[in-house]
Amino acid sequence: MYELNPSLNPFCLRCRLEETFIVNLQFRQYSLFNSIVEMPLGERGGWERSESRYCGVETDFSDDVPSLLSFNISTGGFDYVLALLMNPSYRPSLVEGKGSETQVLPVSGSDLVLAPSQWSSHVVGKISSWIDLDSEDEVLRMDSETTLKQEIAWATHLSLQACLLPTPKGTSCANYARCVNQILQGLTTLQLWLRVPLVKSDGDASEGLTDSWELWNSFRLLCEHDSKLSVALDVMSTLPSETSLGRWMGESVRAAIISTDSFLTNARGYPCLSKRHQKLIAGFFDHAAQVVVSGKPVHNLPKASDSNTEGTQRHPLRSYLDYVAYLFQKMEPLPEQERIELGYRDFLQAPLQPLMDNLEAQTYETFERDSTKYIQYQRAVAKALVDRVPDEKASELTTVLMVVGAGRGPLVRASLQAAEETNRKLKVYAVEKNPNAVVTLHNLVKLEGWEGIVTIISCDMRFWNASEKADILVSELLGSFGDNELSPECLDGAQRFLKPDGISIPSSYTSFIQPVTATKLYNDVKAHKDLAHFETPYVVKLHSVAKLAPSQSVFTFTHPNFSTKANNQRYKKLHFNLPSDGGSALVHGFAGYFDSVLYKDVHLGIEPTTATPNMFSWFPIFFPLRKPVEVHPDSPLEVHFWRCCGSSKVWYEWSVSSPTPTPMHNTNGRSYWVGL
């Protein structure tokens, strides 16, 4: 048997080898092609593993599946067919009572006509489009349910990786969703794609469907947000607004079905797409959605293009495939850093606990490779040194600089380089609690000949008693949410050995959040089936998310803070408004960022509008919601965030109060906290 990798989500058509295609059909041997000619859309830097490289074609019903594949794959160059599994004229009620126990389902062919791997790799099943499980006609409704279950059972038997469900016939789809949800409970590897037209108009409901996202959202919520249910969008000739389209980038879109009617004609008579369509398709490529070409050819191509170089008849839709391939191939290669981080896209990671845990060498090494970050620190230290010591006293005064949380020494090096750059004299204390990193620090000092300049202190900065006061205090204790790795607590404890007019680098930092649609992240959290994971913030390289509103600031901390009433507990209420032209959206949680001022105009951060270019030390943080909240443009989203402090831990609590209240998350830090 052909083993289907269940980790492929949902559909990888490249899980196959080139093979001889020998078919046994009704005891006759058919040699369809000497080998399967694989025609990926392109080989572009960083896209080699992307599922979006494969292009399918929607076909009519055929009871000769081998010939169907030969024509569309070998001749046409497509990677797979989107094909009906059962004769569309079949109705269960017409065969009942007429020897139905001996009737054979009118499927497209025996499972033996293709090998299991060929069914899996080259066929996406298409469920009969006539079914209407919410019809007022009871016979049609019952026929629809019976046929749907029969066709899904047949697709499972064939080892298909996906099946396309027809678009709900009306705005009410409760019975359809109920039946699909029943089916989903019994599936293991088969994915279901719900076909939905990409529509968002400003008309009233009497004109028909005004926002197809509403239909999709209703259906998937009725199906309990099942991860095996995705969406396939019918891309029309007219597109909704950019804001409305952006919502889909956070949804589980597995295919974009483009009708030949949506193509324009270029100056040479060949099919092409509008600029807006091109941008949309590029976005789908970037989010691993595959393109499916649908319909009859509507372009009268030049005669020379009717045959290929071997003189055989070209597939009538080949020019459309060629254009899709052109769009894929003209995508910019991913930058090297993006290629390195591909495996981290939408991958949930627990935030670091640097006070409780000692970092490993591999973690240090990853952070130390971020040259941009240390260039910014060097700039900040250089500016502080110049402000601290005027040029005329540069040869006389020695600045005392303390690096608290020195790790393996990158900030020590950056500080000494700043001193050399500005011709200032420097005395450095490197304070580090991790005894393993201290070993590296000692070796670094010997190797660089810094013995007379750098003093290494193996101690927790909060408990060290310094022999002298510092002019400058330098640290890199920031987390993805600014204060989530306890920078406020650490620096409050260390500022006692900073001179009253001393400088802290960073001098301040602010956290930010924004609501996001993040279906994949939500499903990954939901898969754990417990409360704790929904009450844990995660560090994640956000990719398949839709950012629904601009980010807003949450908590700000300033250093040094000599206030006698210093308190690191915080509370913030925020209101977010969705753009009026975007339509409704489902909020799965909040993306969190930070921005910091190192010194004066030298800043560092990951907040999208001000993010430091080419820096990779921090991914955003994600605060999930136990129950997603649907938000409408005319109804603001009201969010509450708390930073709570106890004697031995710090934690966050969060909730939504409007438009729909959610439970309080992480009360008393019951699921997640950062240990002091």
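Scope of this entry: the structure provided in the associated data block.

Criteria and cut-off values
Residues numbered from 1 in each chain as written. Predicted model: local features only at pLDDT ≥ 70, side-chain atom pairs only at ≥ 80, totals over all residues. Heavy atoms only, no water. Pairing = 2+ DSSP bridges. Helix = DSSP H or I, 4+ residues; strand = E, 2+ residues; numbered from the N terminus. Core = buried A, V, L, I, M, F, W, Y, C linked by side-chain atoms within 4.5 Å. Buried < 20%, exposed > 50% of the residue type's maximum accessible area, 1.4 Å probe, protein only. Axes fitted to C-alpha atoms, helices over the stretch in contact; angles between N-to-C directions. Contact = heavy atoms within 4.5 Å. Phe/Tyr/Trp six-rings, centres within 6.5 Å; stacked < 30°, edge-to-face > 60°. Lys NZ or Arg CZ within 6 Å of the ring centre and 35° of its normal.

Concerning the sheet that holds strand β28 (residues 674–675)
Either a parallel or an antiparallel arrangement is found when strands of a sheet pair, and the pairing is made through backbone hydrogen bonds. With antiparallel pairing, 4 strands are arranged side by side in an open sheet as β22-β26-β27-β28. Of all the strands in the sheet, the pair left with one neighbour each is β22 (570–576) and β28. Relative to β28, strand β27 (residues 649–658) is paired through 2 bridges, and the arrangement is antiparallel. Bridge assignment links K649 to a residue of β28, and that residue is G675.

Quick word on the nonpolar core
Within the largest apolar cluster, 100 residues are counted, with the highest numbers of intra-cluster contacts made by I505 and F590. Grouped together as the second largest cluster of nonpolar side chains are 77 residues, L148, W154, L194 and V291 included.

Quick word on the sheet that holds strand β12 (residues 290–294)
Within the closed barrel, the 8 strands sit side by side as β3-β4-β5-β6-β7-β8-β9-β12. Their pairing is parallel. Neighbouring strand axes in the sheet, compared pairwise and without regard to direction, differ in orientation by 30 degrees on average. The pairing of strand β8 (residues 229–235) with strand β9 (residues 253–259) spans 5 bridges and is parallel. Residue pairing in the sheet places V231 in a bridge with V253 of β9. Contacting β5 (123–126), β6 (162–165) and β7 (191–197), helix α4 (residues 138–157) crosses the sheet at an angle of about 160 degrees to β6. Along the sheet, helix α5 (residues 174–185) makes contact with β6, β7 and β8, crossing β7 at roughly 155 degrees.

So, the packing of aromatic side chains
A full pass over the atoms with the stated rule returns 21 aromatic pairs. On the numbers, 6.2 Å between centres and 80 degrees between planes, the contact of F263 with Y323 is edge-to-face. Note that F263 is positioned in the loop between β9 and β10 (264–265) and Y323 in helix α9 (residues 318–329), a separation of 60 residues in sequence. For the pair F594 and W618, a centre-to-centre distance of 4.9 Å together with 75 degrees between the ring planes defines the contact as edge-to-face. Within this pair, whereas F594 is found in strand β23 (residues 585–599), its partner W618 is found in the loop between β24 (602–605) and β25 (621–631), the two being separated by 24 residues in sequence. For F594, a relative accessible area of 0% puts it in the buried group. Judged by its relative accessible area of 11%, W618 is buried. The rings of F481, F555, F590, F623, F641, Y652 and W654 are connected pair by pair, giving a single aromatic cluster. Across the ring face of W130, the terminal group of R91 is positioned such that the distance to the ring centre comes to 3.8 Å.

Digging into the environment of L385
Along the polypeptide, L385 turns up in helix α12 (residues 371–388). For L385, a relative accessible area of 0% translates into the label buried. Remark: the alpha-carbon pair of L385 and L426, spanning 41 residues in sequence, is separated by 9.0 Å.

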